[in-house]
Amino acid sequence: MDKPIIKVDNVSKVFEIPHESRNTLKSYFLHPFKRIGKERFYALKSVDFEINQGDFVGVIGRNGSGKSTLLKILAGIFEPTKGKVHVNGTLVPFLELGVGFNPELTGRENIYLNGIILGMTRKYVESKFDEIVDFAEIRDFIDLQVKNYSSGMVIRLAFAIAVEARADIYLLDEVLSVGDAGFQKKSLEKMLSLLSNGATGILVSHNINDVKKYCNRVILLKKGEVVFDGPTDEGIKIFESQMGLMSEE
Amino acid sequence: MVLHTKANHRDLLIELIRTNFKLRYNNSILGFFWVLMKPFLYFLMLFVVFTAFRGGEASAEYGANLLLGIIIYTLVNEGVIFGMHALTDLAGVILKVNFPRQVAVTSAVFMAVVNFAFNTVILLILAILGSFAPTIEGFLYFVFILSMTIFALYSISLFSSILLVKIRDLHHIMELVMQLVFWGSAVFYSIDDMSGAFGQLIRLNPLALVIHASRKALLEGDIIHVKAMIIMSLMSLALYFLGNLFFKKNIKRIAEFI
Ligand SMILES: Nc1ncnc2c1ncn2[C@@H]1O[C@H](COP(=O)(O)OP(=O)(O)OP(=O)(O)O)[C@@H](O)[C@H]1O
Ligand SMILES: [Mg+2]
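Just so we're clear, the structure is a prediction, and the values are computed from it rather than from any experiment.

Student: Would you mind going over the sheet that holds strand E7 (residues 200-204) of chain A with me for this structure?
Tutor: Strand pairs in the sheet, formed through backbone hydrogen bonds, run parallel or antiparallel to each other. All names here are of chain A. Pairing within the open sheet is mixed, and its 6 strands lie in the order E5-E6-E7-E3-E8-E9. A strand with exactly one partner marks an edge of an open sheet, and here the two such strands are strand E5 (91-95) and strand E9 (225-230). Between one strand axis and the next, the sheet turns through 15° on average, direction left out of account. Examined bridge by bridge, strand E3 (residues 56-61) and strand E8 (residues 217-222) share 5 bridges and lie parallel to one another. Across the sheet, residue Ile-60 finds its bridge partner in E8, namely Leu-220. Here helix H2 (residues 67-74) sits on the sheet in contact with E3, E5, strand E6 (169-173), E7 and E8, set at roughly 155° to E6.

Student: Is there a simple way to explain the layout of surface pockets in this structure?
Tutor: Over the atoms, a rolled probe matching the size of one water molecule traces out where space is still vacant. Roughly 760 Å³ of internal volume is contained in the largest pocket. Along its surface, the largest pocket is lined by 21 residues, and A:Glu16, A:Pro18, A:Arg22, A:Lys38 and B:Phe257 are the ones closest to its centre. Those elements that place two or more of their residues in the lining of the largest pocket are strand E1 (6-18) and strand E2 (38-51) of chain A together with helix H6 (136-166), helix H10 (226-251) and helix H11 (254-257) of chain B. If you tally residues by element for the lining of the largest pocket, the top one is E1(A), at 4 residues.

Student: How do you make sense of the site of ligand 1 when you look at a structure like this?
Tutor: Around ligand 1, the surrounding shell holds 13 residues, and the nearest of these are A:Gly64, A:Lys67, A:Ser68, A:Thr69 and A:His206. Chain contributions to the surroundings of ligand 1 come from chains A and B. One nitrogen or oxygen atom from the main chain of A:Ser65 is found 3.2 Å from an oxygen atom belonging to ligand 1. In the model, an oxygen atom of ligand 1 is placed 2.7 Å from a nitrogen or oxygen of the A:Ser68 side chain. For ligand 1, whose free accessible area comes to 640 Å², the fraction covered by protein is 67%. Going through the elements one at a time, E2 and H2 of chain A are the ones with two or more residues in the shell around ligand 1. The biggest single contributor to the shell around ligand 1 is H2(A), with 3 residues.

Student: Even after reading the chapter, I still don't get the sheet that holds strand E4 (residues 82-87) of chain A, so can you show me in this structure?
Tutor: Residue and element names in this part refer to chain A. As summarised here, the arrangement of the 3 strands in space is E2-E1-E4, forming an open sheet in which the pairing is antiparallel. On the outer flanks of this sheet lie E2 and E4, each paired with one strand and no other. Across the sheet, the axes of successive neighbouring strands diverge by a mean angle of 30°, strand direction being ignored. In the sheet, E1 pairs with E4 via 5 bridges, with the strands oriented antiparallel. The partner of Lys-7 across the bridge, within E4, is His-86.

Student: What is the right way to look at the domain arrangement of chain A in this model?
Tutor: Residues and elements named next belong to chain A. Under the domain assignment used here, chain A contains domain 1 (4-90 + 167-248) and domain 2 (105-166). Taking only C-alpha atoms, the centre of domain 1 and the centre of domain 2 are 25 Å apart. Opposite the 15 residues of domain 1 that make contact, domain 2 presents 12 residues. In total, domain 1 and domain 2 occlude about 1,100 Å² of area from one another, counting both sides; carbon and sulfur atoms represent 73% of this. When the buried area of domain 1 at its contact with domain 2 is split by residue, Phe-183, Lys-186 and Lys-190 rank highest and sum to 43% of it. Remark: the boundary between domain 1 and domain 2 carries 1 salt bridge. When the shortest N-O distance is used, the salt bridge between Glu-137 and Lys-186 registers 2.5 Å. Contributing elements (two or more residues each) for the side of domain 1 that touches domain 2: E6 and helix H6 (181-196).

Cut-offs used in this document
- Residues numbered from 1 in each chain as written.
- Chains lettered and ligands numbered in written order.
- Predicted model: local features only at pLDDT ≥ 70, side-chain atom pairs only at ≥ 80, totals over all residues.
- Heavy atoms only, no water.
- Pairing = 2+ DSSP bridges.
- Helix = DSSP H or I, 4+ residues; strand = E, 2+ residues; numbered from the N terminus.
- Axes fitted to C-alpha atoms, helices over the stretch in contact; angles between N-to-C directions.
- Contact = heavy atoms within 4.5 Å.
- 1 Å grid on protein atoms, 1.4 Å probe; cavity = no way out; pocket = protein on both sides within 12 Å on 5 of 7 lines; lining within 4 Å.
- Points joined across faces, edges and corners; volume = space filled by probe spheres on them.
- Near = heavy atom within 4 Å.
- Polar contact = N/O pair within 3.5 Å; in protein donor to acceptor, adjacent residues only side chain to side chain.
- Areas by Shrake-Rupley, 256 points an atom, 1.4 Å probe, with all protein chains shown as cover.
- Domains from an automatic or database assignment.
- Buried area = accessible area lost by both parts, 1.4 Å probe.
- Salt bridge = Lys/Arg side-chain N within 4 Å of Asp/Glu carboxyl O.

And the structure:
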């Protein structure tokens, strides 16, 4: 491979956690000169890796280990405090639940809004509209407000829109776990077909079986640091032994 | 598919405006009708009250002045409030997708402008009914004042939209301030009738000058406060550049606080 599609260069992310919250004018008025102490918290510490085109990388680690923070940095939603991220291609983030739908709008309206926010033109969304609706299997509910959808339906719709972006890179944070088994299979297979066509995927999941089945590499995070980066099986073994759950095989 | 092209940015602006409309007016004609009715009902109320104060004699001239004042105040009020909420209203999206955030501010202020455009329909009806006949120079000056006002609203929103994320009770304060501005902006009176210290104070209020100059220009064809308008244009320009710097500097980390 000539050039990595993603290069994460010594990235750290620090969140400043104030000892008490100060986000109202009232608090400024009541204690104008009070200094509020801050804790510097490293959500990511000197993270360094490269991802090549066509990789499907699993990011695993315990709650709070920095997985979502890492994906948000890759998506350009957070700025790294230190270090640099180079992304060589278009990227579609698909992060956590909700995915930026507006509950008051109908499924149809959200398809347009979401597709355009992801970077598509309105015309393109229009041309893909039927495919999206069919993939999400929500034809009968398309003119219903999204607040009346089940959470699985929301995720299906969001996924169906995101795959139509034909991006070079897909970031999936814990999103497929909500769909039913049938949809999970269908969507992961869709991801694999996108990957075989040259896309790159990063999957954050607590479902070790999905990671095992689909990812060709894992990055294991512990308290913001990469403690393992390599073949899936090996990484999962280390993770499971860390959690004190030896794998049963 | 190439993402985030110029065409996409244009579509994004249109889509955000469209969404704003749908949400605010519940997607209904009746909801939309309210945009027209709200300032008009306000107008009727004030018209009746102040006509009673002024000795009970209804005057078309006072009516036209009052209506214009209310419509301009509504533009400024909505521009300030919508603009301030531009980022927080899109919090769910901002946390999940990296799109050009300035578009959020543009669409919010644009929304206030569209409302304004619809409100001017009432004004147009009054003009057709013959209660006033604008001159060309007066009309052009009015358009200039409006453009400057909208530009200023956008510039202010570059600051306020970011500040609201960090100072969550800012909107309570702003609502109070806008109430105060309403009383001090010569909406239902004319600054010509104001004297003394209070009159001096009101003449320092840019919105009072904007309303006064608009009235004279549109209703009587007089071009006044030219110097003040030029100074305000320059100040808006400065505010715009500073606002841009402030916005660009802070927007990078906004997702952490929203
Ligand atoms: N905006 C923020 N401000 C302050 N701290 C934050 C912010 N976002 C995340 N953190 C902190 O960063 C750490 C890592 O969070 P992150 O969401 O990346 O974990 P995660 O690995 O995705 O966990 P989970 O498995 O529960 O999803 C947590 O301790 C969290 O509290
Ligand atoms: Mg997470």
